[in-house]
Amino acid sequence: MVRRLDPADVPLLYPLIRIALPHISMQDWIRIGRRLARSGPRVREGILVAHYGIARPPCAMATFRRGFDLYSGDTLTSDYIITLSYTQRQKIVDALIPAMETLARELGCDAIRMFSYSNRAINQDSPVRKLCSTSHITERTVRLDRNKEIVHPS
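Quantities reported herein were computed from a predicted structural model and do not represent experimental measurements.

Cut-off values and rules
Residues numbered from 1 in each chain as written. Predicted model: local features only at pLDDT ≥ 70, side-chain atom pairs only at ≥ 80, totals over all residues. Heavy atoms only, no water. Salt bridge = Lys/Arg side-chain N within 4 Å of Asp/Glu carboxyl O. Helix = DSSP H or I, 4+ residues; strand = E, 2+ residues; numbered from the N terminus. Buried < 20%, exposed > 50% of the residue type's maximum accessible area, 1.4 Å probe, protein only. Core = buried A, V, L, I, M, F, W, Y, C linked by side-chain atoms within 4.5 Å. Contact = heavy atoms within 4.5 Å.

Visitor: Tell me about the pattern of salt bridges, and name the residues and values.
Guide: Under the counting rule described, the total for this entry stands at 7 salt bridges. Between Arg-31 and Asp-28 there is a salt bridge whose closest N-O contact spans 3.7 Å. Separated by 3 residues within a single helix, Arg-31 and Asp-28 lie in helix α2 (residues 26-36), roughly one turn from each other. In this structure Asp-28 comes out as partly exposed when scored by relative accessible area, which is 33%. Glu-45 is paired through a salt bridge with Arg-35; the nearest N and O atoms lie 2.6 Å apart. Of the two residues, Glu-45 is situated in strand β2 (residues 45-51) and Arg-35 in helix α2; the sequence distance between them amounts to 10 residues. On the basis of relative accessibility, which here comes to 33%, the residue Glu-45 falls in the partly exposed class.

Visitor: Now, about the nonpolar core: what can you tell me, with residues and values included?
Guide: With 20 residues, the main nonpolar core has Leu-48, Leu-76 and Leu-96 as its most contacted residues. At the level of secondary structure, the elements contributing two or more residues to this core comprise β2, β3 (58-69), α3 (89-106) and β6 (111-117). Setting aside anything within four residues of it in sequence, one finds Leu-96 in contact with Val-2, Leu-48, Ala-50, Ala-62 and Ile-81. Grouped together as the second largest cluster of nonpolar side chains are 17 residues, Leu-5, Leu-13, Leu-21 and Ile-30 included.

Rendered as structure tokens:
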């Protein structure tokens, strides 16, 4: 199940934030999360939250922001997809993509851009693997009207 961040989800997501971004304190996360949980017609950024079921805690999150670039037009970009389970990552991403496509259409976007971080690293504070690295970053942009990947000229 995937839905937009609800204010009640903010403290429940902190374990994911702590795994991937250990420099963010709980207090900072609560402030950031509350801002990203805002709703309304003018909201241009936020978080999608994935759950294995209705009564289950969040297992993943994806940040999003609406922006514009000269090549793709209005674009919904997800800079971070953070999953609790490395082994279930692809299933979670497969659930997030249709939700992102629906959200992109609601926000009037022409394309979706996702960044994936393929170089696994171990968080020194935790034995849980994370997918946040400054190396091996892959960008994938897909046009909604043609469901076709956009390849930027070299």
